[in-house]
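Chain by chain, the residues run as shown.
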Amino acid sequence: MDKDPSGSSSTGSRSPGPGGFGLFGSGGPQYSNTELSGVPLTGMSPISPYLNVDPKYLLQDTDEFILPTGANKTRGRFELAFFTIGGCCITGAVFGAVNGLRMGLSDTRNLAWSKPRNVQILNMVTRQGATWANTLGSVALLYSAFGVIIEKARGAEDDLNTIVAGTMTGVLYKSPGGLRGAARGGLVGLTLSGLYALYSNWDRLKGSSPTRY
């Protein structure tokens, strides 16, 4: 590279400013923010004077996930069915295990701590845990199945689907007990699903915007 008599480069149109000692030694030419931000780029914003990246890519004003065409931003009943069934099974297993432990300790309180007593308590815990997990899992399966069927049949998702699915779940689950048992099961399902629908729309009923999680 040819140098002029003054010892500066022929292309060095900018001179180091005050404090021209950089992090890795003395310095190169200092560029002002105005010079860097004024660089024209086709279809892009001016480059940041501190980052060699277009600042508009750092501003996220939209959702950070991609949805398929026509998909909703909330999960449907079919997607929630797996979470509902699994959650009910786990809840039933935990509740049954605690209940079985209570029953086992109560039934064997007259026995000394020994291996037979421990085995009896363990059997009660596993039996009650499996029973409650099966019960709540079956109810959740029926409720989810009815919810998905009603949603597909009506082509809409609202609280009416929840109430109808809960009522039909209670009726079908208690149907082996006859008409009276089915009626009691339907009433219980209607009450529980109605309370859940009321809780879900409590903010809307109070006049404020509902909170989404």
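Residues numbered from 1 in each chain as written. Predicted model: local features only at pLDDT ≥ 70, side-chain atom pairs only at ≥ 80, totals over all residues. Heavy atoms only, no water.

**Q** What should I look at first to understand the pattern of salt bridges in this one?
**A** Where charged atoms from two side chains of opposite charge come close, those side chains can pair. This structure, assessed with the given rule, holds two salt bridges. Arg77 is paired through a salt bridge with Glu157; the nearest N and O atoms lie 2.9 Å apart. Here Arg77 is found in helix H2 (residues 77-107), whereas its partner Glu157 is found in the loop between helix H3 (115-154) and helix H4 (159-173), with 80 residues between them in sequence. With a shortest N-O distance of 2.9 Å, Asp158 and Arg154 are connected by a salt bridge. Exposure remark for Asp158: the relative accessible area of 28% places this residue in the partly exposed category. (Salt bridge = Lys/Arg side-chain N within 4 Å of Asp/Glu carboxyl O. Helix = DSSP H or I, 4+ residues; strand = E, 2+ residues; numbered from the N terminus. Buried < 20%, exposed > 50% of the residue type's maximum accessible area, 1.4 Å probe, protein only.)

**Q** For this particular structure, what's the right way to read the packing of H4 against helix H5 (residues 178-200)?
**A** A pair of packed helices can be characterised by two numbers: the angle between their axes and the separation between those axes. At a minimum axis distance of 6 Å, the contact between H4 and H5 shows a crossing angle of 155 degrees. Classed by the angle they form, the pair H4 and H5 counts as roughly antiparallel. The crossing of H4 and H5 is right-handed. Of the residues in H5, those touching H4 at Asp159, Thr162, Ile163, Gly166, Thr167, Gly170 and Val171 are Ala182, Gly185, Gly186, Gly189, Leu190, Ser193, Gly194, Tyr196 and Ala197. Tallied by class, the residues present in the contact of H4 with H5 amount to six nonpolar, nine polar and one charged. (Axes fitted to C-alpha atoms, helices over the stretch in contact; angles between N-to-C directions. Parallel < 35°, antiparallel > 145°, perpendicular 65-115°, else oblique. Left-handed = near helix turned anticlockwise from the far one by under 90°. Contact = heavy atoms within 4.5 Å. Nonpolar A, V, L, I, M, F, W, Y, C, P; charged D, E, K, R; others polar.)

**Q** Before we go on, may I ask you to explain a nonpolar patch on the surface in this structure?
**A** On the surface, Val188, Leu192, Leu195, Leu198, Trp202 and Leu205 cluster together to form a nonpolar patch covering roughly 620 Å² of accessible area. If you list the elements that add at least two residues to the nonpolar patch, you get H5 and helix H6 (202-205). When residues in the nonpolar patch are grouped by element, the largest group, four residues, is from H5. Within the element layout of this structure, Trp202 appears in helix H6. (Patch = residues over 30% accessible without salt bridge, like charges linked within 9 Å, V, L, I, M, F, W, Y side chains within 5 Å. Areas by Shrake-Rupley, 256 points an atom, 1.4 Å probe, with all protein chains shown as cover.)

**Q** Can you walk me through H4 in this structure?
**A** Turn by turn, an α-helix covers 3.6 residues, leaving residues three or four places apart pointing in a common direction. Compared with an ideal rise of 1.5 Å per residue, which puts 15 residues at 21 Å, H4 spans 21 Å between its outermost C-alpha atoms and is within 8% of the ideal. Every buried residue of H4 is accounted for by Asn161, Thr162, Ala165, Gly166, Thr169 and Gly170. Axial view of H4: buried residues confined to an arc of 155 degrees, hence all on one face. In this structure, the buried side of H4 is in contact with H2, H3 and H5. Residue Asp158 occupies the N-cap position of H4, its side-chain oxygen lying 3.3 Å from the main-chain nitrogen of Leu160. (Expected span 1.5 Å × (residues − 1). Arc of directions from axis to C-beta. Polar contact = N/O pair within 3.5 Å; in protein donor to acceptor, adjacent residues only side chain to side chain.)

**Q** Would you explain the confidence of the model for the protein chain in this entry?
**A** Regions with low pLDDT should not have their predicted coordinates read in detail. In the predicted model, the protein chain carries a mean pLDDT of 76, and 62% of its residues have values of at least 70. Confidence, expressed as mean pLDDT per element, reaches its minimum in the protein chain at strand S1 (residues 21-22) with 48 and its maximum at H3 with 93. Of the regions scoring below 50 in pLDDT, residues 5-24 engages in 19 contacts with residues more than four places distant in sequence or in other chains. (pLDDT = per-residue confidence, 0-100.)

**Q** Explain the environment of Tyr143 to me, please; I cannot follow it from the model alone.
**A** The residue Tyr143 is located in helix H3 in this model. A relative accessible area of 22% places Tyr143 in the partly exposed class. Sequence separation of Tyr143 and Gly170 is 27 residues, and the distance between their C-alpha atoms is 8.7 Å. If we ignore the near neighbours within four places in the chain, the residues touching Tyr143 are Arg77, Thr162, Ala165, Gly166 and Thr169. Polar side-chain contacts of Tyr143 include one of 3.5 Å to the side chain of Arg77.

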